[in-house]
Amino acid sequence: MAYRKFKASRLFNGYHFRNADDVLITTADGTIEAIVPLHEAGDDVEQLQGILTPGLINCHCHLELSHLKNVIPPHTGLIEFLCSVVTKRGFAPEIIEQEIERAEAEMYNNGIVAVGDIGNTADTASTKAKSKIRWQNFVEVLSFTDEKADENFNHYKNVSEELEQALRTSYPVPRTSDFVPRTSLVPHAPYSISPKTFELINAATKNQIISIHNQEHPAEDELYKTGSGEYVKLFKIFGMNASPFPVTGKSSIRSVLPHFNNGQTIFLIHNTFMPEQDIVWANEYAAANGLKLVYCLCINANLYIENKTPPADLFIKHNCHLVLGTDSYSSNWQLSIAKEMQSLLQHSTFIQEQVLQMATINGAKAFKWDNDLGSFEKRKRPGVVLLKEDFSESIKVL
């Protein structure tokens, strides 16, 4: 059997840095065989400059918005950004598909091996059908009122079935059964889902992996505490002059997380303005109700939209399961997990091993793909990526 042998400046195995002279050995197709000291590796060792790491996992993206690259300027603030996304999505289908293909190729070439991807449509189906990336598809439901809950839920259920059918009939031959893309219905955000819609989603997603945008802006909490605030501007685009949501007197996460009790793994996305007391409460609620919470940080999107950063150190303090996402080209300069790690290192007290864990094994475990992805362990095929020492760039090696 033919083997490839890699010796880099440093070797990260998904959990920690290995000894400086360790060599990664794989089969020709990238299946991990062993990690051995250099003196046991024999001939034909490929010498690389940088950090060798398992394939990177992007836990939050909106591939279908790739055509909005450079359309919405940075630092508009979240409310204005959301209004722009709603009003500027109308592009020709061929442009949308072209930009989706470019974005997928960018992620693949920079070593991203799995993506949690949000969509409101099935626009990404043809690109994903040809992709070598592993996809967890989140079909995002929007439904502001209980009166429209059934109609809207059924619409997005049809989108989900269309996407799933297209991918299951045309996806490349899987390496494992898990390689076939998964698709689940998910709530967009606390400010776009009515109580009845939450209940429909909860019933439809038993034991599934789902996501929700969480506490991206202080107005999200204000909406549930008082019924007022800046989100009213967004509601007016949809023909509503006031908030359609119940006033609970509580933060948004405390108002909506109790809608879920069906064994879900829930990715909380962004968490930019999540206070410590809500982190503690959410973790306690999840533990008591059979849920698993995953906290996805998309720091460059937060910097792009609000020029703010999430309270990253608090999530470490409270032992949260942390992963990384790029968000979409409507709210980022690039789709690079390397750049997300670089920004976290610049804006928090995280060390390199922590951000590398978030980008590899943590994401694999969150998606329940750690049987094959996330670490250099025998018989896994996680991908092999070379990361620059300053975390500015990553390149797919194998």
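Scroll up for the structure.
The sections below set out a description of the structure shown in this document.

Thresholds, definitions, all that
Residues numbered from 1 in each chain as written. Predicted model: local features only at pLDDT ≥ 70, side-chain atom pairs only at ≥ 80, totals over all residues. Heavy atoms only, no water. Helix = DSSP H or I, 4+ residues; strand = E, 2+ residues; numbered from the N terminus. Rg over C-alpha atoms; globule rule 2.2 N^0.38 Å. Buried < 20%, exposed > 50% of the residue type's maximum accessible area, 1.4 Å probe, protein only. Contact = heavy atoms within 4.5 Å. Areas by Shrake-Rupley, 256 points an atom, 1.4 Å probe, with all protein chains shown as cover. Lys, Arg positive; Asp, Glu negative; His and termini not counted. Charge placed at Lys NZ, Arg CZ, Asp CG, Glu CD. Phe/Tyr/Trp six-rings, centres within 6.5 Å; stacked < 30°, edge-to-face > 60°. Lys NZ or Arg CZ within 6 Å of the ring centre and 35° of its normal. Pairing = 2+ DSSP bridges. Axes fitted to C-alpha atoms, helices over the stretch in contact; angles between N-to-C directions. Right-handed = clockwise from strand over helix to strand, strands pointing away. Polar contact = N/O pair within 3.5 Å; in protein donor to acceptor, adjacent residues only side chain to side chain. Salt bridge = Lys/Arg side-chain N within 4 Å of Asp/Glu carboxyl O.

Observations regarding the overall build of the chain
Each helix and strand in the chain was counted, giving 15 helices and 16 strands. Compactness check: the chain gives a C-alpha radius of gyration of 21 Å against a globular reference of 21 Å for 398 residues, within 12% of the reference. For the chain, buried positions account for 58% of its 398 residues. Residue pairs in contact within the chain that sit at least 24 positions apart in sequence constitute 74% of those at least 6 positions apart. Total accessible area computed for the chain in this model is approximately 15500 Å², and 49% of it derives from carbon and sulfur atoms. For the chain, the distance from the average site of its 37 positive side-chain charges to the average site of its 47 negative ones is 3 Å.

Examining the packing of aromatic side chains
Two numbers describe a pair of aromatic rings. These are the distance of the centres and the angle of the planes. Taken as a whole and judged by the stated rule, the model has 14 aromatic pairs. Judged by centre distance (4.8 Å) and plane angle (45°), the ring pair of Phe 144 and Phe 238 falls under tilted. In this pair, Phe 144 sits in the loop between β9 (134-141) and α5 (149-170) while Phe 238 sits in the loop between α8 (231-237) and α9 (252-256), placing the two residues 94 residues apart along the sequence. Look at Phe 238 and you get partly exposed, because its relative accessible area is 38%. Here the aromatic residues Phe 144, Tyr 224, Phe 235, Phe 238 and Phe 245 are joined through ring pairs into a cluster of three or more. The ring of Phe 17 carries the charged tip of Arg 10 above its face, separated from the ring centre by 4.4 Å.

Some remarks on the sheet that holds strand β13 (residues 292-297)
Hydrogen bonds between backbone atoms are what pair the strands of a sheet, whose relative direction is either parallel or antiparallel. Across the sheet, four strands lie side by side as β11-β12-β13-β14; this open sheet has parallel pairing. Two strands lie at the open edges of the sheet, namely β11 (209-214) and β14 (322-324), each paired on one side alone. Within the sheet, the average angular offset between the axes of one strand and its neighbour, ignoring direction, is 30°. Relative to strand β12 (residues 265-270), β11 runs parallel, the two sharing six bridges. Bridged to Asn 214 within β12 is His 270. Strands in contact with helix α14 (residues 352-359) are β13 and β14; relative to β14, the strand with the most contacts, it is inclined by about 75°.

Considerations on helix α2 (residues 78-87)
Most of α2 sits inside the fold, with seven of its ten residues counted as buried. The set of residues buried in α2 consists of Leu 78, Ile 79, Phe 81, Leu 82, Cys 83, Ser 84 and Val 85. Contact partners of the buried residues in α2: α8 and α11 (299-305).

Observations concerning the pairing of β9
Among the eight residues that make up β9, eight are buried, leaving the element largely enclosed by the rest of the structure. The alternating pattern of β9 places Arg 134, Gln 136, Phe 138 and Glu 140 on one face and Trp 135, Asn 137, Val 139 and Val 141 on the opposite face, and all of these are buried. Pairing of strand β8 (residues 112-119) with β9 involves six bridges; the strand directions are parallel. Bridge assignment links Gly 116 to a residue of β9, and that residue is Gln 136. Between the parallel elements β8 and β9, the chain passes through helix α4 (residues 125-130) in a crossover that is right-handed.

Digging into the environment of Val 139
Within the element layout of this structure, Val 139 appears in strand β9. Overall, the relative accessible area of 1% leaves Val 139 in the buried class. Sequence-wise, Val 139 and Glu 151 are twelve residues apart; in three dimensions their C-alpha atoms are separated by 15 Å. Among residues more than four places away in sequence, those in contact with Val 139 are Gly 119, Tyr 156, Val 159, Ser 160, Leu 163, Thr 183, Ser 184, Leu 185 and Val 186.

Overview of the side chain of Ser 348
Relative to the helices and strands, Ser 348 is located in the loop between α13 (337-347) and α14. Within the local environment of Ser 348, its side chain forms a polar contact with the backbone oxygen of Leu 344, the two atoms lying 2.6 Å apart. Among the polar contacts made by the side chain of Ser 348, one reaches the main-chain amide nitrogen of Phe 350 at a distance of 3.1 Å. For Ser 348, the residues in contact, after removing those within four places along its chain, are Ala 312 and Asp 313.

Concerning the pattern of salt bridges
Using the criterion set out here, one finds 15 salt bridges in the structure. In this structure, Glu 276 engages Lys 317 in a salt bridge whose closest nitrogen and oxygen atoms are separated by 2.7 Å. On the criterion of sequence distance, the pair formed by Glu 276 in helix α10 (residues 276-288) and Lys 317 in helix α12 (residues 312-317) is long-range, its members being 41 residues apart. We classify Glu 276 as partly exposed; its relative accessible area is 26%.

Describing unusual backbone geometry
Unlike most non-glycine residues, Asn 70 shows phi in positive territory, near 65°. Here Asn 70 shows up in the loop between β7 (56-61) and α2. Residue classification places Asn 70 among the exposed positions, given a relative accessible area of 67%. With a phi close to 80°, Arg 379 is a non-glycine residue in the positive phi region. The residue Arg 379 is located in the loop between α15 (361-366) and β15 (384-387) in this model. Accessibility expressed as a relative area gives 64% for Arg 379, which makes it exposed.

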